[in-house]
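Descriptive structure summary
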Amino acid sequence: MTSTRTLLVLHVSESRPHAPGYQQLLDELNAATLAAVAGAGWEPTLVATAHADMEEVVALARMADAVVVMGGEDVSPALYGATEDYPGGGHHVPHSDEVLLAVIRDAIARRSPLLGICRGHQLLNVACGGTLVQHMDDHVRQGADAWVLTELGEDATVTPGAPVWCTHHQAVGDVGEGLTVVARAADGVVEAIEHADAPVLGVQWHPEHPAVAAVQVPALLERVTARATV
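My aim in this report is to walk through the structure given alongside it, one point at a time. Since this is a predicted model, take the numbers as computed values, not measurements. (Residues numbered from 1 in each chain as written. Predicted model: local features only at pLDDT ≥ 70, side-chain atom pairs only at ≥ 80, totals over all residues. Heavy atoms only, no water.)

1. Things to note about the nonpolar core
Operational definition: Residues belong to one nonpolar core when they are buried, are Ala, Val, Leu, Ile, Met, Phe, Trp, Tyr or Cys, and are joined through side-chain atoms within 4.5 Å. Throughout, exposure labels follow a simple rule: accessible area from a 1.4 Å probe, protein chains only, divided by the maximum for the residue type, with under 20% read as buried, over 50% as exposed, and the rest as partly exposed. Every helix listed is a DSSP run of H or I at least four residues long, and every strand listed is a run of E at least two residues long, numbered separately from the N terminus. Contact between two residues is taken to exist if any of their heavy atoms lie within 4.5 Å; hydrogens are not considered.
Counting 33 residues, the largest nonpolar core has Leu10, Val67, Val103, Ile104, Leu114 and Leu124 as the members making the most contacts within it. Elements with a contribution of two residues or more to this core: strand E1 (5-11), helix H2 (54-63), strand E3 (66-69), helix H3 (94-110), helix H4 (119-127), strand E11 (179-184) and strand E12 (190-195). Here this core takes 7 residues from H3, the largest share from any one element. Look past the residues within four positions of Val103 in its chain and what remains in contact with it is Leu10, Val57, Val58, Ala61, Val67 and Leu114. Judged by nonpolar contacts, the second largest core, of 24 residues, contains Ala32, Val68, Val182 and Val217.

This is the structure in structure tokens:
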């Protein structure tokens, strides 16, 4: 009998008094992710990182079979050498960034499975020395009018030509060391990056959206865990 695989799901915060509507949206995405992975046989644990101890979170990540880094606020610009003053800029959570960067870099060093979504995807690029495009206009597509991926290698569920939910104003700029672009939107925006030596994948779109989470999140997790066994 196959034992249950453990999954650490890392997000930013359990409370945003300054942005209750945004908190509700992220709670819904977290809930969809947890339900999706549980349905696929994973045992997930959700941990907020805004005030967490870095060493404790890294230790939890090392005990899990895989890690998912969820979305949230913009990455702190200082981490990739950019200005704090940019269109659409807002609240940053530097401590969460530092904790998650430590987890990502440790996963790469240990060649341990990790999936970054949206902010997690951007943090993966920053962790490897890459930069971010600080603001984009008109890159919001969802539902029937979704952006279409132009490449994603071989994947049984999310394939080239598949529509994906994109609702972000930042993206990968200069690609970090050791990373390869494996998916783009029709407008050229980087939608997925993968590490060359570690089973670590970042996706910019929203596979955790409730409309698609049950299919896309488990498929992407299988992509990274399959690489870990090669």
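Anyway, onward from the coordinates.
2. With respect to the packing of H3 against H4
For clarity, the threshold we go by: Working convention: axes come from line fits to C-alpha atoms, limited for helices to the stretch in contact. Angles between N-to-C directions cover 0 to 180 degrees. Working rule for angles: under 35 degrees goes down as roughly parallel, over 145 as roughly antiparallel, 65 to 115 as roughly perpendicular, anything else as oblique. When the near helix sits turned anticlockwise from the far one by under a right angle, the crossing is termed left-handed; a clockwise turn instead gives a right-handed crossing. Polar here means any residue other than Ala, Val, Leu, Ile, Met, Phe, Trp, Tyr, Cys and Pro, which are nonpolar, and Asp, Glu, Lys and Arg, which are charged; Gly is therefore polar.
The interhelical angle for the contact between H3 and H4, taken along N-to-C directions, is 70°, at an axis separation of 9 Å. It follows that H3 is roughly perpendicular to H4 by the angle criterion. Where H3 crosses over H4, the two elements pack in a sense that is right-handed. Taking contact as the criterion, the partners of Ser96, Asp97, Leu100, Leu101, Ile104, Arg105 and Ile108 in H3 are, on H4, Arg119, Gly120, Leu123, Leu124, Val126 and Ala127. In the contact of H3 with H4, the residues fall into 8 nonpolar, 2 polar and 3 charged.

3. Considering the pairing of strand E2 (residues 42-48)
It is a general feature of regular strands that their side chains alternate between the two faces of the sheet. The line we're drawing: Strand pairing follows a simple DSSP-based rule, namely that at least 2 bridges must link the two strands.
As judged from the 7 bridges shared by E1 and E2, these two strands associate in the parallel manner. In the sheet register, Thr6 faces E2, and the bridge partner there is Glu43.

Purely geometric numbers; function is a separate question.
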